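Coordinate analysis (summary)
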Amino acid sequence: MNKLFGRGIFRGVDLVLPKYSLIYMPRDPLKNMRSFLNRDKNFWLDNNRPEDACNEFRLDSSEMEKGELYLWMWTELHLRFQTMCKSPKVEAFSTLRTEHMNDVKSWEKTLCELRLPFSDISIEPPSNSNAKLGFGATRVTEEDVDLFQRFLTRLPADVRKRVDYFDAYEPTLSIG
């Protein structure tokens, strides 16, 4: 799923299709945040407010730093994927972290979870990156990790429990 699918397109898909499957491909949350910050994106152009009623995780954004807004959206999409998977129309779902996209075994596992037939899998090199687009390479800093740690303190226990990605996540490994 992409962010637009997760933000609302899935509602239409769920109304129209009798059955479907989902794949969630989360990127490292700090690298995701840093990538958006490097491109100096205006968060408000394609994101709703964290306090909006339509969100799984509502949070007051009045004192949030720009990086925290992207961490909130990453968390929101993670929670929305979980909700989408509960639809009775979803036959199968899988999660493939982007750091495993170049791993044949990870793809085999994902395709099996989705019950899709496959033969030999060939991994192509990435073709889209900030550096190739003329922006700075995505390099997480110690300040980014500090911001992430502060953001985690904003997560209520019930939300934190649902974000299993963070269970084994070591943000300092993203530095560099």
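Residues numbered from 1 in each chain as written. Predicted model: local features only at pLDDT ≥ 70, side-chain atom pairs only at ≥ 80, totals over all residues. Heavy atoms only, no water.

So, the side chain of Ser-87
Stated precisely, the cut-off is as follows: Here a strand is any run of E in DSSP of at least two residues, a helix any run of H or I of at least four, and the numbering for each starts at the N terminus. Throughout, a residue-residue contact means that at least one pair of heavy atoms, one from each residue, lies within 4.5 Å.
Here Ser-87 lies in the loop between α3 (66-85) and β2 (90-95). Excluding anything up to four places from it in sequence, Ser-87 contacts Asp-14 and Tyr-20.

A few points about helix α1 (residues 3-16)
To be explicit about the condition: Given the number of residues in a helix, its expected span is that number minus one, multiplied by 1.5 Å. Only protein chains enter the area calculation, which uses a 1.4 Å probe; residues under 20% of their type maximum are buried, those over 50% are exposed, and those in between are partly exposed.
Relative to the 20 Å expected for 14 residues at 1.5 Å per residue, α1 spans 20 Å between its end C-alpha atoms, a close match to the ideal helical length. For α1, the complete set of buried residues consists of Phe-5, Gly-6, Arg-7 and Phe-10. Turning to α1, the residues buried within the fold contact β1 (20-24) and α3.

As for the pairing of β1
This is how it is decided: Any two strands with at least two DSSP-identified bridges between them are counted as paired.
With four of five residues buried, β1 is to be regarded as a mostly interior element. Alignment of β1 against β2, held across five bridges, turns out to be parallel. When the bridges of β2 are listed, Tyr-24 appears paired with Thr-95.

Describing the nonpolar core
Note the cut-off: The term nonpolar core refers to a set of buried residues drawn from Ala, Val, Leu, Ile, Met, Phe, Trp, Tyr and Cys, joined through side-chain atoms within 4.5 Å.
Ranked by internal contacts, the top residues of the largest apolar core, which has 35 residues, are Leu-22, Leu-30, Phe-57, Trp-72, Phe-151, Val-163 and Phe-166. Of all the secondary structure elements, the ones that give two or more residues to this core are α1, β1, α2 (29-38), α3 and α5 (142-152). When residues in this core are grouped by element, the largest group, 11 residues, is from α3. Apart from residues no more than four positions distant in its own chain, Phe-166 is found in contact with Pro-29, Trp-74, Thr-75, Phe-148, Leu-152, Leu-155 and Arg-160. Ranked by size, the runner-up nonpolar core spans five residues in total, among them Ile-23, Ala-92, Trp-107 and Leu-114.

Comments concerning the environment of Arg-11
Take Arg-11: it is sitting in helix α1. You can call Arg-11 partly exposed: its relative accessible area is 45%. Residues Arg-11 and Glu-51, 40 residues apart in the sequence, show an inter-C-alpha distance of 20 Å.

Overview of the environment of Glu-170
As a reminder of what qualifies: The definition of a polar contact used here is a pair of N or O atoms within 3.5 Å, where within protein one atom must be able to donate a hydrogen and the other to accept one, and adjacent residues in sequence count solely through side-chain atom pairs.
Within the secondary structure layout, Glu-170 lies in the segment after α6 (157-162). Owing to a relative accessible area of 39%, Glu-170 belongs among the partly exposed residues under this scheme. Counting along the chain gives 25 residues from Glu-170 to Val-145, while the straight-line C-alpha distance between them is 9.5 Å. For Glu-170, the side chain forms a polar contact with the side chain of Thr-172, separated by 2.7 Å.

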